[in-house]
Amino acid sequence: LRQARPGGWNLGRIRRRQFLIASGALLAAPSAYSQGPASRRTLGILNPQFAPTPEEWAKRPVNVKLKSLGWIEGQNLVIENAYGEDRVDRLPDLAAALVRKRVDAIYAFGPEAAVAAARATKTIPIVFWGVGYPVEQGLIDSFARPGRNVTGAAVLASDGAEFFTKQLQIMKEIAPGIARVAVIVVPTTARTVSNEQLKMSDKQKSNIGSAARNLGLELQLHEVSKREDFDAVFAAILNSKPQGLHVMGTPLTASEMQRIVEFANRNRFASSLFAKDWVQAGGLFSYGIELASSIGQAAVCIDKIFRGARPADIPVEMPSKFELVVNVRTARHIGITIPQSILARADEVIE
């Protein structure tokens, strides 16, 4: 077979070539399989909240975006749910359970979930959403080069001062007579991966104070660390007699959303909030990131990981879309007329 036959054919060479082609196809097959949506993947959902109903999950932005990218639950996507039911203390055990199930990636909703996942595994890819300070929490090395098994979509573009300033500017435009604003803050919203408390830095406090002074506003900070603190904080706010109330966005304040909104409206405070659902619940206005697009950014990170990218090489996505939502009905209730300049800029007006 090694001898050339009449006509110049060499069967040994042909067979060797066929063997190499076939071997190359076999070696390439797993790689090609891993790159496309046809490949089956398992996504762990780590979330401190209550699990959504199937109907609610179908509308969740992360599910909608994943489906648009070709990942369909029940076909090539398996979902492993790990919901804390409003108990962040359950997150470490839930994260460990996802690791034992060897999911292909973990979608961590919020800073507590992201930290719990990062503590549970240094190898399984983690994609976070709802984290404001991922570097400070020890989740990533930098926004451009995360450097670890964690990436995701951030909810703040800097230390938050510029964002906070914009919210105060809108409040002042809606209610020019406001002079004092009570601010509900949660000073230890989460812990770091090394188990230290994440606290508001002196620089952040200074930037926030400067923003208020530039607008002629006096800020009154009221700290809450647990649900039981709210009664005392509400009493302190009433004693300080503010005209406006600003609420920092954290899982703790979100868990008391309806109570905070009712408190603000009952006392006719102009309420500055951080998400649309607060305004739908009766708050005066919100200015914040557009949730669907921001969560969609996290879904894009998940898609890249499912197709073979490493989290360490996927830059953390920054907020790109913001929305202003106002509630005219609430404004009438507390005796405020929303200026036309605000109504014209609003992405949504609730009548």
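Residues numbered from 1 in each chain as written. Predicted model: local features only at pLDDT ≥ 70, side-chain atom pairs only at ≥ 80, totals over all residues. Heavy atoms only, no water.

Asks: What exactly am I supposed to notice about the overall build of the protein here?
Replies: Along its length, the protein carries 14 helices and 14 strands. Taken over 351 residues, the protein has a buried fraction of 46%. For the protein, the proportion of contacts with a sequence separation of at least 24, taken over those separated by at least 6, is 69%. Accessible surface for the protein amounts to roughly 17500 Å². Of this, 53% is attributable to carbon and sulfur atoms. (Helix = DSSP H or I, 4+ residues; strand = E, 2+ residues; numbered from the N terminus. Buried < 20%, exposed > 50% of the residue type's maximum accessible area, 1.4 Å probe, protein only. Contact = heavy atoms within 4.5 Å. Areas by Shrake-Rupley, 256 points an atom, 1.4 Å probe, with all protein chains shown as cover.)

Asks: Help me understand the side chain of Ser 39, please; the structure alone is not making it clear to me.
Replies: If you trace the backbone, Ser 39 turns up in the loop between α1 (11-35) and β1 (41-47). Of the residues examined, Ser 39 reaches a relative accessible area of 0% and is grouped as buried.

Asks: Help me understand the sheet that holds strand β5 (residues 150-154), please; the structure alone is not making it clear to me.
Replies: Taken in spatial order, the five strands line up as β2-β1-β3-β4-β5 in an open sheet, and their pairing is parallel. Taken across any chain shown, the strands that pair with only one partner, and hence form the sheet edges, are β2 (77-83) and β5. For this sheet, the mean angle separating the axes of adjacent strands, direction not counted, is 20°. Together, β1, β3 (105-109), β4 (126-131) and β5 form the strand contacts of helix α5 (residues 111-120), whose direction differs from that of β4 by roughly 155°. (Pairing = 2+ DSSP bridges. Axes fitted to C-alpha atoms, helices over the stretch in contact; angles between N-to-C directions.)

Asks: I'm lost on helix α8 (residues 230-240) in this one. Help?
Replies: It helps to recall that an α-helix has 3.6 residues per turn; residues three or four apart then point in one direction. Every buried residue belonging to α8 is among Phe 230, Val 233, Phe 234 and Ile 237, and all of these are buried. End-on view of α8: buried residues confined to an arc of 100°, all on one side of the axis. Along α8, the residues that are exposed and aim more than 90 degrees away from the buried face are Asp 231, Ala 232 and Asn 239. On the buried face of α8, the contacting elements are β6 (180-185), β9 (218-223), β10 (244-247), α9 (251-255) and α10 (257-266). Looking one or two places after α8, you find Lys 241, whose phi comes out positive at around 55°. (Arc of directions from axis to C-beta.)

Asks: Is there a simple way to explain α5 in this structure?
Replies: Most of α5 sits out of view: eight of its 10 residues are buried. For α5, the complete set of buried residues consists of Pro 111, Glu 112, Ala 113, Ala 114, Val 115, Ala 116, Ala 117 and Ala 118.

Asks: Teacher, can you tell me more about the side chain of Glu 323 here?
Replies: Within the fold, Glu 323 resides in strand β13 (residues 322-327). Despite its burial, Glu 323 pairs with no opposite charge; the closest candidate is Lys 276, at 5.0 Å N-O. Setting aside residues up to four positions removed in sequence, Glu 323 forms contacts with Lys 276, Ser 286, Tyr 287, Gly 288, Ile 289, Glu 290 and Asp 347. (Lys, Arg positive; Asp, Glu negative; His and termini not counted. Salt bridge = Lys/Arg side-chain N within 4 Å of Asp/Glu carboxyl O.)

Asks: What exactly am I supposed to notice about the pattern of salt bridges here?
Replies: A side chain with one charge may pair with a side chain of the opposite charge, provided their charged atoms come close. Within this structure, the stated rule accounts for 13 salt bridges. In this structure, Asp 229 and Lys 226 form a salt bridge, with 3.1 Å as the shortest nitrogen-oxygen distance. Taking relative accessible area as the criterion, Asp 229 reaches 17% and is therefore assigned buried. Close ionic contact of Lys 276 with Glu 348 constitutes a salt bridge, the shortest N to O distance being 2.8 Å. Of this pair, Lys 276 sits in helix α11 (residues 276-280) while Glu 348 is found in strand β14 (residues 348-350), placing the two residues 72 residues apart along the sequence. The class of Lys 276 is partly exposed, set by a relative accessible area of 27%. Three or more residues joined by partner-sharing salt bridges are found here, namely Asp 86, Arg 227, Asp 231, Glu 256 and Arg 259.

Asks: Explain the sheet that holds strand β12 (residues 285-289) here, please?
Replies: The strands making up a sheet associate through backbone hydrogen bonding, with each pair oriented either parallel or antiparallel. Pairing is mixed in the open sheet, where seven strands are placed in the order β9-β6-β10-β11-β12-β13-β14. Of all the strands in the sheet, the pair left with one neighbour each is β9 and β14. Each strand of the sheet is rotated relative to its neighbour by a mean of 20°, with strand direction disregarded. Inspection of the sheet shows strand β11 (residues 270-273) paired to β12 by two bridges, in the parallel sense. Residue Ser 272 lies in a different strand from β12, and its bridge partner there is Phe 285. Contacting β6, β9, β10, β11, β12 and β13, helix α6 (residues 161-174) crosses the sheet at an angle of about 155° to β12. α10 rests against β6, β10 and β11 of the sheet, and its axis sits at about 170° to β10.

Asks: Please clarify how the packing of helix α4 (residues 91-100) against α5 should be interpreted in this entry.
Replies: Packed helices, taken two at a time, are described by the angle their axes make and the gap between the axes. In the contact formed by α4 and α5, the axes pass within 8 Å of each other and the chain directions differ by 50°. The orientation of α4 with respect to α5, classified from their angle, is oblique. Crossing hand, α4 versus α5: right-handed. Listed contacts from α5 to Leu 91, Pro 92, Ala 95, Ala 96 and Val 99 of α4 are Glu 112, Ala 113, Ala 116, Ala 117 and Ala 120. (Parallel < 35°, antiparallel > 145°, perpendicular 65-115°, else oblique. Left-handed = near helix turned anticlockwise from the far one by under 90°.)

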